[in-house]
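# Understanding the architecture of this molecule
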Amino acid sequence: MKKKIFSGVQPTGNLHLGNYLGAIKNFVELNNDEENKCIFCVVDLHAITVKQNPKELRSNIRETVATFLASGIDANKSIIFNQSTVSAHSEAAWVLGCVARTGWLNRMTQFKEKAGKDKEKASLGLYSYPVLMAADILLYDSTHVPVGNDQKQHLELCRDIAQKFNIDFAADNFFKVPEPLIQKDFSRIMSLKDGLKKMSKSDLSDFSRINLTDDEDQIISKIKKSKTDTLPLPNNFNELENRPEAKNLLGIYSSLKNSDLEKTIKNFAGKNFSEFKENLSQELVDKIGPISLEIKKLLGDKGYLDKILSNGFEKANEIATKKMKNIREIVGF
Ligand code: AMP
Ligand code: TRP
């Protein structure tokens, strides 16, 4: 059976190494496998769950497309589109919102983190965000969803919503229950300033992350300044305990090299951080440098990026509109 892959990335700027190693690198591999049908969505409806500047949002939508292409996603082998252009996403989200239970949503840890202390001031959209994500996935009968570790709980919710809809409306197997595809080892890349915090677009310090648009000098200087501890590099996995920064940097290196952590530990056992950091910078410059250059080049051709999105719209809209028509019938509209 062909796998139907679906994933989304928010156009909120500052796409970083965590997005690349946790998600986009995986998209590229899945897309290269002829057996798979892939859909990659720029999820702008999700982006506006927190305040966005309209001008910046528009430019970030193109930048996300440019990042997909520059990372190696082939637009001829996949569908790349912008979520808000396909109105079935909003429509399906409403129906699914009437299936999901508030008790389920109350358990979502990402909402708690993003809403912070003052939950009353968070938007309703931020709260129902995972329901929209379920709509994205279920409209395309997706079988597999590649994401970083932080989205695992949202995917479980999506599975619950699909199953409850199928039962409530006696529509056996109408929504396919999707499988998450989360990388085993490096699905959570941490901040360069704090090994216990996720690398994030919204961190105020630019030195906490490697942006996919960073140039060689920026990469080298960020790695040089990244937090470490005072010990030499460990001799084995057990010695990494309570050393989150060392673990993160060794993990990043392994993931870039497509190697396992054990092997990387062996390579650098007992060495000091400065030597390791030079190797890590070089690896990053080799892998991220060309992506950064290509993003900048693609951003110079807005017409091309818009064409990719309008082609993607045609294909996605056809699939989603059909599914939405069936949803309407099942529900009794
Ligand atoms: P977002 O930027 O929140 O739309 O995330 C896009 C994709 O990148 C999702 O699949 C996330 O799970 C993944 N992702 C975001 N931050 C990280 C991180 N620090 N480590 C690994 N994956 C991440
Ligand atoms: N919520 C995801 C994130 O922040 C993005 C997303 C939206 C998504 N819709 C999706 C991911 C559907 C996978 C499938 O990272």
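Before any of the text, the structure's been laid out above.
Below is a short write-up of the structure. (Residues numbered from 1 in each chain as written. Chains lettered and ligands numbered in written order. Predicted model: local features only at pLDDT ≥ 70, side-chain atom pairs only at ≥ 80, totals over all residues. Heavy atoms only, no water.)

## Remarks on the site of ligand 2
Test applied: Residue proximity to a molecule or strand is established when one non-hydrogen atom of the residue lies within 4 Å of it. Definition of a polar contact: a pair of N or O atoms within 3.5 Å, with one able to donate and the other able to accept a hydrogen when the atoms are protein atoms, and with sequence-neighbouring residues admitted only if both atoms are side-chain atoms. The protein chains shown are the only cover counted for residues, whose accessible areas, like all others here, come from Shrake-Rupley with a 1.4 Å probe. In this analysis the probe radius is 1.4 Å and the grid spacing 1 Å, with only protein atoms considered; a cavity is a set of points the probe fits into but cannot get out of, a pocket is an open set with protein on both sides within 12 Å along at least five of seven lines, and lining residues have an atom within 4 Å of a point. Throughout, a molecule is located in a cavity or pocket provided that more than half of its atoms lie within 2 Å of its grid points.
Within the structure, ligand 2 sits among 13 residues, and Q10, Y129, M133, D136 and Q151 are positioned closest to it. Taking Y129, its side chain carries an N or O atom lying 2.6 Å from an oxygen atom of ligand 2. In the model, a nitrogen atom of ligand 2 is placed 2.7 Å from a nitrogen or oxygen of the D136 side chain. In the complex, 91% of the free accessible area of ligand 2, which totals 370 Å², lies under the protein chains. Using a 2 Å cut-off from the grid points, one finds that ligand 2 occupies the largest pocket.

## Points about the layout of surface pockets
This is how the line gets drawn: Grid points are joined across faces, edges and corners, and a volume is the space filled by probe spheres set on the points. A helix here means a DSSP run of H or I that spans at least four residues, while a strand means a run of E at least two residues long, and both kinds are numbered starting from the N terminus. Residue polarity follows a fixed list, in which Ala, Val, Leu, Ile, Met, Phe, Trp, Tyr, Cys and Pro are nonpolar, Asp, Glu, Lys and Arg are charged, and the others, Gly among them, are polar.
Of the voids in this model, the largest pocket is the one considered here, and its volume is about 1,300 Å³. For the largest pocket, the lining is made up of 46 residues, of which Q110, K114, D150, Q151 and K198 are closest to its centre. Residue assignment for the lining of the largest pocket shows that the elements contributing at least two residues are β1 (4-9), α1 (17-32), α2 (44-47), α6 (109-115), α7 (124-138) and β4 (144-146). Taken together, the residues of the lining of the largest pocket sort by class into 16 nonpolar, 21 polar and nine charged.

## Notes on the packing of α7 against helix α8 (residues 152-168)
The criterion, for reference: Under this scheme, a helix contributes an axis fitted over its contacting stretch, all axes are lines through C-alpha atoms, and angles between N-to-C directions fall in the 0 to 180 degree range. Note that the term roughly parallel is reserved for angles under 35 degrees, roughly antiparallel for angles over 145, roughly perpendicular for angles of 65 to 115, and oblique for everything else. Left-handed describes a crossing in which the near helix is turned anticlockwise from the far one by less than a right angle; the clockwise case is right-handed. Contacts: residue pairs with any heavy atoms within 4.5 Å of one another.
Across the interface, α7 lies against α8 with an axial gap of 9 Å and an inter-helix angle of 65°. With respect to α8, the axis of α7 lies roughly perpendicular. Crossing geometry of α7 relative to α8 is assigned as right-handed. Along the contact surface, α7 presents Y129, P130, V131, M133, A134, I137 and L138, while α8 presents H154, L155, L157, C158, I161 and A162. Looking at side-chain class alone, the contact of α7 with α8 contains twelve nonpolar, one polar and no charged residues.

## A closer look at the packing of α1 against helix α10 (residues 244-256)
At a minimum axis separation of 11 Å, α1 and α10 run at an interaxial angle of 45°. Comparing the axis directions of α1 and α10 gives the class oblique. Judged by the twist between their axes, the crossing of α1 over α10 is left-handed. Here α1 contributes L17, L21 and K25 to the contact with α10, which in turn contributes I252, S255 and L256.

By themselves, these are just geometric observations and shouldn't be taken as functional.
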